Amino acid sequence: MTKKLKGDFFLLSANELQSGKVVFYTKKGWLPNSNKAIKIHRDDLSKYDDIFKKDEEKCIIISAKFVELDESGKIKTLRDKIRDSGLTIKIK
Amino acid sequence: MYKYSNIDKKIIADRTKQFQNQVERRLNGKLTEEEFKPLRLMNGLYLQLHAYMLRVAIPYGELSSTQLRKLAFIADKFDRGYGHFTTRQNIQFNWPKLPEVPEILDQLSEVEMHAIQTSGNCIRNISSDHLAGLTAEEVEDPRPWCEIIRKWSTFHPEFSFLPRKFKIAVTGCLEDRTALLVHDIGLRLIKKNNVIGFEVFVGGGQGRTPHIAKMIRSFLSKKDLLNYLEAILTTYNQLGRRDNIYKARIKILVNELGVQKFKSLVEKNFVKFSNEKLKLDKNTINDIFNFFKLPKLKYSSNKLPISKNKKFNEWKQQNTLPHKISGYSIVLISLKPPGKPPGDADSRQMQELANISDDFSFGEIRVTHEQNLVLPHVNNTQIYQLWQQLDILKLATPNIGLISDTICCPGMDYCALATARSIPISQKIGNNFKKYFDQKSIGDIKIKISGCINACGHHHVGNIGILGLDRNGEEFYQITLGGSAKEDAAIGQIIGPSFSEKKLISAIRRIIKTYRKNKKNASEDFLSVFRRIGIEAFKKDLYDNTRKKN
């Protein structure tokens, strides 16, 4: 999973198995917003590989991924921004 | 409307139970995600950007009021109070929780619905004309044929693991409202020498390699329908590519072999594998047709009411069609009010619409592939009263077939595959062309928007197609012109460099301006003008103006 990543800093994100909700890995475990997520340097990615694999095995999360940050430390891609902040449209 | 047999009921109940067991095993870790994913997909359950998404089949787009009421209940109890009607006449719930999905399926089975074969490499929901059985020019009602195909294709053991997904549409009219020619198989009922049979088209599709389907049989006898479908599917199953997901659809096979070669292989398989058990006899056909009789409608000379209410008159002009039984009308309900995601209906609207359909349209509702709804049999004397009720529910937007009646995929707001958002584009178009008079003066036009090259928003066949792209992390939109999903189906041509989200609406305005400038008379529609003057005229106006402004 880490081979194609380009940036220097990342967040670890996934979806909760039961709800499908987007979560980020924090010091307190998996939480639904990115503010408290641990900022991971690319050299440490493999350490976090082990963390999400264990939590996938424990049936806590699925579809884990590293979310790239830009130079200012914000989530880089629009898709990941939408994953974090939710729909950009009014639904009702 | 079709009613489940005991066999139908049993297989749905068994499947629900089976999936419940699979979900339990997934939640307690006995199944890994890798093992579970194909099982959930077979039951229409995807994982999207923010949550799971459950796609529920609406066979050939036909719903009863009881079913719609159940969908409203599911939206409220298990989701976020709304559902999204899709371009294949299905409905999607965007926020279900995995442990609750078996209960949702259980609820659906109570009203003869399910989510089977709404995903995966199998034969998907059979789609059809939303006006099936309602118009005078129809050769024959296609819905019974859809049902016959549905029965044959459900859990078909040989076609459950095809090279790729497989979509079939059936129409009974020359005027195509099903996007027949961009389906893997398109069946058109025709009458030849006073005998009704099918024209058979194969290899249509959109996605990254769009193709218009080609005719391989100019007349197929009704009794041979299932054997011929088996022959097509067998040929595809044997020869379709499984090594490359992008080249696995039947359209690629037909294109690589050439239509004549493909046709001869199908004909050989048809002779070789034809099975007496699959031959359709008159009794079997009649039994199915009996489910699709019209309700008891009384002929009358009642016309649509004349009113001084401008809003009503606009709606009446735009959203009603004559029924084949004089005295009744077909009412089209737009799910494209300005500012709302196309195809979405909230639970209150669904609940109330179910009641309305009981009161005004014999409890029947249809879903169109253009993401609108239909009340099929409304007495002309009740039209004004119906309109008043729809208006309260914000379901009386008079824009059917006009520029704000866009088809649109969920795009990057929901979809894990999308490269750009599409709903905000649709909303901008709706807000920019809000006034009925303006829209009407533009005339019939189809704008179709996809958030990625998979083309769920049918951009290839939009008169104006919009494809969302990711250009170095920024959303850009490529415009195609001249596409059509109708009987004169065509793939749109790319007009030139793409536009940022900011500049897209003014680009569309300029395209419309070119069309207006070149229109010979009030009734010449966008596609006719495009076909007459070609893309260069549009290109010149569009990019010359851009340069001046820059």
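Residues numbered from 1 in each chain as written. Chains lettered and ligands numbered in written order. Predicted model: local features only at pLDDT ≥ 70, side-chain atom pairs only at ≥ 80, totals over all residues. Heavy atoms only, no water.

Visitor: Got a minute to help me understand the overall build of chain A in this structure?
Guide: The number of helices and strands found in chain A is 2 helices and 5 strands. Across chain A, helices and strands are ordered from the amino to the carboxyl terminus as β-β-β-β-α-β-α. For chain A, whose C-alpha radius of gyration is 13 Å, the value lies close to the compact-globule estimate of 12 Å for 92 residues. Its C-alpha atoms give chain A principal-axis dimensions of about 45 × 35 × 25 Å. By sequence separation, contacts in chain A at least 24 residues apart represent 57% of the contacts at least 6 residues apart. Counting only carbon and sulfur atoms, one obtains 47% of the accessible surface of chain A, whose full area is about 5,500 Å². (Helix = DSSP H or I, 4+ residues; strand = E, 2+ residues; numbered from the N terminus. Rg over C-alpha atoms; globule rule 2.2 N^0.38 Å. Contact = heavy atoms within 4.5 Å. Areas by Shrake-Rupley, 256 points an atom, 1.4 Å probe, with all protein chains shown as cover.)

Visitor: Just to check I follow, could you spell out the sheet that holds strand β7 (residues 168-171) of chain B for this structure?
Guide: Note on sheets: strands pair through backbone hydrogen bonds, and any given pair is parallel or antiparallel. Residue and element names in this part refer to chain B. Across the sheet, which stays open at both edges, the 5 strands sit in the order β6-β7-β8-β9-β10 with mixed pairing between neighbours. Both outer strands of the open sheet, β6 (127-128) and β10 (214-221), are each paired with one neighbouring strand and no more. Sheet topology places strand β9 (residues 195-202) next to β10; 5 bridges connect them, and they run antiparallel. Opposite F201, over in β10, you have M215 as the bridge partner. Packed onto the sheet, helix α5 (residues 143-153) meets β6, β7, β8 (185-192) and β9 and runs at close to 155° relative to β7. Where helix α6 (residues 225-239) meets the sheet, it contacts β8, β9 and β10, and its direction lies at approximately 155° from that of β10. (Pairing = 2+ DSSP bridges. Axes fitted to C-alpha atoms, helices over the stretch in contact; angles between N-to-C directions.)

Visitor: How should a positive patch on the surface be read in this particular structure?
Guide: A surface patch of like charges, here positive, comprises A:K90, B:K340, B:R348 and B:K394. Its place among the elements puts B:K340 in the loop between β12 (328-333) and β13 (344-346). (Patch = residues over 30% accessible without salt bridge, like charges linked within 9 Å, V, L, I, M, F, W, Y side chains within 5 Å. Salt bridge = Lys/Arg side-chain N within 4 Å of Asp/Glu carboxyl O. Lys, Arg positive; Asp, Glu negative; His and termini not counted. Charge placed at Lys NZ, Arg CZ, Asp CG, Glu CD.)

Visitor: For this particular structure, what's the right way to read the nonpolar core?
Guide: Across soluble globular proteins, nonpolar side chains have a tendency to be buried as a group. Residue and element names in this part refer to chain B. The biggest cluster of nonpolar side chains holds 54 residues, and the ones touching the most others in it are L63, L68, L71, F85, V331, M350 and L390. For this core, the leading source of residues is helix α3 (residues 65-78), giving 6 residues. Both domains that meet at this core, namely domain 1 (6-110) and domain 3 (310-392), each give it at least three residues. Residues I116, I123, L225 and A231 belong to the second largest nonpolar core, which totals 45 residues. (Core = buried A, V, L, I, M, F, W, Y, C linked by side-chain atoms within 4.5 Å. Buried < 20%, exposed > 50% of the residue type's maximum accessible area, 1.4 Å probe, protein only. Domains from an automatic or database assignment.)

Visitor: Any chance you could explain the interface of chain B and chain A here in plain terms?
Guide: Size of an interface: often given as the accessible area lost when the parts come together. Each partner contributes residues to the interface: chain B has 35 residues there, and chain A has 22 residues. The tally of links from chain B across to chain A stands at 0 salt bridges. Counting the contacts that link chain B with chain A gives 5 residue pairs in polar contact (both at pLDDT 80 or more). Listing elements by their share of the side of chain B that touches chain A, those giving two or more residues are α1 (6-27), β13 and α13 (423-432) of chain B. Of the residues that constitute the side of chain B that touches chain A, the class distribution is 18 nonpolar, 7 polar and 10 charged. (Polar contact = N/O pair within 3.5 Å; in protein donor to acceptor, adjacent residues only side chain to side chain. Nonpolar A, V, L, I, M, F, W, Y, C, P; charged D, E, K, R; others polar.)

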